[in-house]
Structures are given as structure tokens and as C-alpha cells.
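In case you want the letters, here they are:
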Amino acid sequence: ASQPLLSIGDTAMIGRLGVEPLAARAIGAAIIGGIYWIFAFLSFGTTTLVGYHHGAQDFRACGETYVHALFLALVGGVGVACAGLLFAAPLYSLMGAGPPVINEGVPYFRIYIASAPFTFIFFASVGFFRGTLDTRTPMIIAFLISGTHLLLDYGLIYGNFGLPRFGLKGAAIAASSAQLVGAATCLGIFFFSRSMTAYRA
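Reading the values: rules and limits
Residues numbered from 1 in each chain as written. Predicted model: local features only at pLDDT ≥ 70, side-chain atom pairs only at ≥ 80, totals over all residues. Heavy atoms only, no water. Phe/Tyr/Trp six-rings, centres within 6.5 Å; stacked < 30°, edge-to-face > 60°. Helix = DSSP H or I, 4+ residues; strand = E, 2+ residues; numbered from the N terminus. Buried < 20%, exposed > 50% of the residue type's maximum accessible area, 1.4 Å probe, protein only. Lys NZ or Arg CZ within 6 Å of the ring centre and 35° of its normal. Core = buried A, V, L, I, M, F, W, Y, C linked by side-chain atoms within 4.5 Å. Contact = heavy atoms within 4.5 Å. Salt bridge = Lys/Arg side-chain N within 4 Å of Asp/Glu carboxyl O. Patch = residues over 30% accessible without salt bridge, like charges linked within 9 Å, V, L, I, M, F, W, Y side chains within 5 Å. Areas by Shrake-Rupley, 256 points an atom, 1.4 Å probe, with all protein chains shown as cover. Disulfide = S-S within 2.5 Å. Axes fitted to C-alpha atoms, helices over the stretch in contact; angles between N-to-C directions. Parallel < 35°, antiparallel > 145°, perpendicular 65-115°, else oblique. Nonpolar A, V, L, I, M, F, W, Y, C, P; charged D, E, K, R; others polar. Expected span 1.5 Å × (residues − 1).

(A) Here's a closer look at the packing of aromatic side chains. As enumerated under the stated definition, the model contains 16 aromatic pairs in all. Consider the rings of Tyr36 and Phe120, whose centres lie 5.4 Å apart with planes at 70 degrees: the pair is edge-to-face. Here the residue Tyr36 occupies a position in helix 2 (residues 19-38), and Phe120 occupies one in helix 6 (residues 116-131), the gap between them amounting to 84 residues. An angle of 85 degrees between the planes, with centres 6.1 Å apart, marks the rings of Tyr92 and Phe109 as edge-to-face. Placement of the pair is Tyr92 in helix 4 (residues 59-94) and Phe109 in helix 5 (residues 99-113), with a sequence separation of 17 residues. Tyr92 gets classed as buried once you look at its relative accessible area, which sits at 0%. Here a set of aromatic residues connected by ring pairs shows up, and it is made of Phe59, Tyr66, Phe128, Phe129, Phe190, Phe191 and Tyr199. One residue, Arg16, lies across the ring of Tyr158, its end atom 5.1 Å from the ring centre.

Put into C-alpha cells, the structure is as follows:
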């Protein structure tokens, strides 16, 4: 629910930096969006499997399924991050970007794609929570991610809140930091919350 507002706010702030940063962000978002769409199975597949075990009252199997999904998220995320760091420039060239856009976009893309493990952990966590019939927790975490992202965008893009001004790189740092917050929150709830005790058996 918060993603469209986040995208609009993010684009509006980056748009004030100029044409090249906005184009670099748009191309990067298209590439990252395509990659992340492939890994949406971490959410939907986990929901299905966890939901099946939850319906059978096998809470331990729910937790085991979630841990397996976290493993896939971590391995897949590290693989995507490494590939993105290595092939950032060729990907921008493949999308038809010129040298000024590539110069702006490659650092942005590399910082952003480095957070892929955190994003995939959130995908798997959303699947787990939904499978256990908890739709409130992932929604709250999603709003936490979006709020953190927008606040850090405002601070790091323009140098507000006493933070350094990083321009387009600041937007990528904000996105990566927000995903880290989201992943850490998901893992913290699972491993430390009393409500998750049965699933940690």
C-alpha cells in the first residue's frame, strides 16, 4: 500500500537534482524491479507452504519452512548483489543509457543492489507472516521501511537533518538502509518475540 507513495516521493526528490540523475534512477529502478520480480516466489511460495503447515497445526514445520526461505533469500540476495556490482555498467548500456547517465547511475545501482539480501529476507518474511494468518505485521514493517526510506532520502539527497549531501547516491543509501531496517525487524520478531516461540521449536 505504501510503495506507490514511496516511489512518487523518491522520484520527486531525485527529480530536483537534474535530468541525468532522474534518468539514472529510472533505469536503475527498472532493472532492479525486474530482478526483484523474479524473486517474488520467496513471498508467494513461502505463504503457500507455511499456510499449509499452519492449517495442519504443525508450527515447527512453519518455522522450518521460514528458515529455509531465509537461506534461499540470503544466498539469492548475495548472488544478485555480486552480479549487480559486477555488471552495473553493462546493464545500463544495455538499457540504452548514455555516458552521463551511466556515470550517475552505476554508483547508485551498485549501492542499491547491495541491499538485495535484505530485500529478499523481507520477501520471505512477508510470506511467513501471511502464512501464519498475520497480515498486520508485514504491513507495519512495510510502512516502517517506507518511512525510513523517505526520511533518509530527504536527509541524504539534500544534506538535511545534519546529514551529508550525497545527491543520487544518498537515495541509494537511503533505500539500502531502509531495507536493512526492514530485514532486521523481521528477524528480530521471529527470533525474539514470545509470539513466535512455537515456530522456533
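After that view of the structure, there is still more to cover.
(B) Region of interest: the nonpolar core. Counting 49 residues, the largest nonpolar core has Tyr36, Tyr92, Phe120 and Phe128 as its most contacted members. Broken down by secondary-structure element, the contributors of at least two residues to this core are helix 1 (3-15), helix 2, helix 3 (41-55), helix 4, helix 5, helix 6, helix 7 (136-158) and helix 8 (168-192). Ranked by the residues each element gives to this core, the list is headed by helix 6, at nine residues. Setting aside chain neighbours within four positions, we find Phe128 in contact with Thr46, Val50, Cys62, Tyr66, Phe190, Met196 and Tyr199.

(C) How the structure looks around the pattern of salt bridges. For the structure on display, the rule yields one salt bridge. Arg60 serves as the salt-bridge partner of Glu64, at 3.2 Å between the closest nitrogen and oxygen. With Glu64 and Arg60 both in helix 4, this residue pair falls four residues apart, about one helical turn. With a relative accessible area of 37%, Glu64 lands in the partly exposed category.

(D) Representation of a nonpolar patch on the surface in the model. Among the surface-exposed residues, Phe41, Phe71, Leu72 and Val75 lie close enough to one another that they form a single nonpolar patch of about 410 Å² accessible area. For the nonpolar patch, the element with the highest residue contribution is helix 4, accounting for three residues. Along the polypeptide, Leu72 turns up in helix 4.

(E) How the structure looks around the side chain of Asp153. Locating Asp153 in the fold gives a position in helix 7. Asp153 has contacts with Asp10, Met13, Tyr158, Gly170, Ala171 and Ala174, leaving out every residue within four places of it along the chain.

(F) Local environment of the state of the cysteines. Enumeration over the complete set of coordinates arrives at zero disulfides. Take Cys62: it sits in no disulfide, and the sulfur closest to it among the cysteines is that of Cys186, at 16 Å. Owing to a relative accessible area of 0%, Cys62 belongs among the buried residues under this scheme.

(G) Expanded view of the packing of helix 6 against helix 7. Running from N to C, helix 6 and helix 7 cross one another at 155 degrees; their axes reach a closest spacing of 9 Å. When the axis of helix 6 is compared with that of helix 7, the two are roughly antiparallel. For the pair helix 6 and helix 7, contact is made by Phe122, Val126 and Phe129 and by Thr137, Pro138, Ile141, Ala142 and Ile145, respectively. In terms of residue class, the contact of helix 6 with helix 7 is made up of seven nonpolar, one polar and no charged.

(H) Representation of the environment of Arg165 within the structure. When you line up the elements, Arg165 lands in the loop between helix 7 and helix 8. Placed 122 residues apart in sequence, Arg165 and Ser43 show a C-alpha to C-alpha distance of 35 Å. In contact with Arg165, other than residues within four places in its own chain, are Leu17, Leu156, Ile157, Tyr158 and Gly159.

(I) Local environment of helix 7. In a regular helix each residue adds 1.5 Å, so 23 residues correspond to 33 Å; helix 7 covers 33 Å between its end C-alpha atoms and thus fits that length. Burial in helix 7 covers these residues: Thr137, Pro138, Ile141, Ile145, Ser146, Thr148, His149, Asp153, Gly155, Leu156, Ile157 and Tyr158. Of the residues one or two after helix 7, Gly159 is the one with positive phi, at around 85 degrees.

All we've got here are geometric facts, nothing functional implied.
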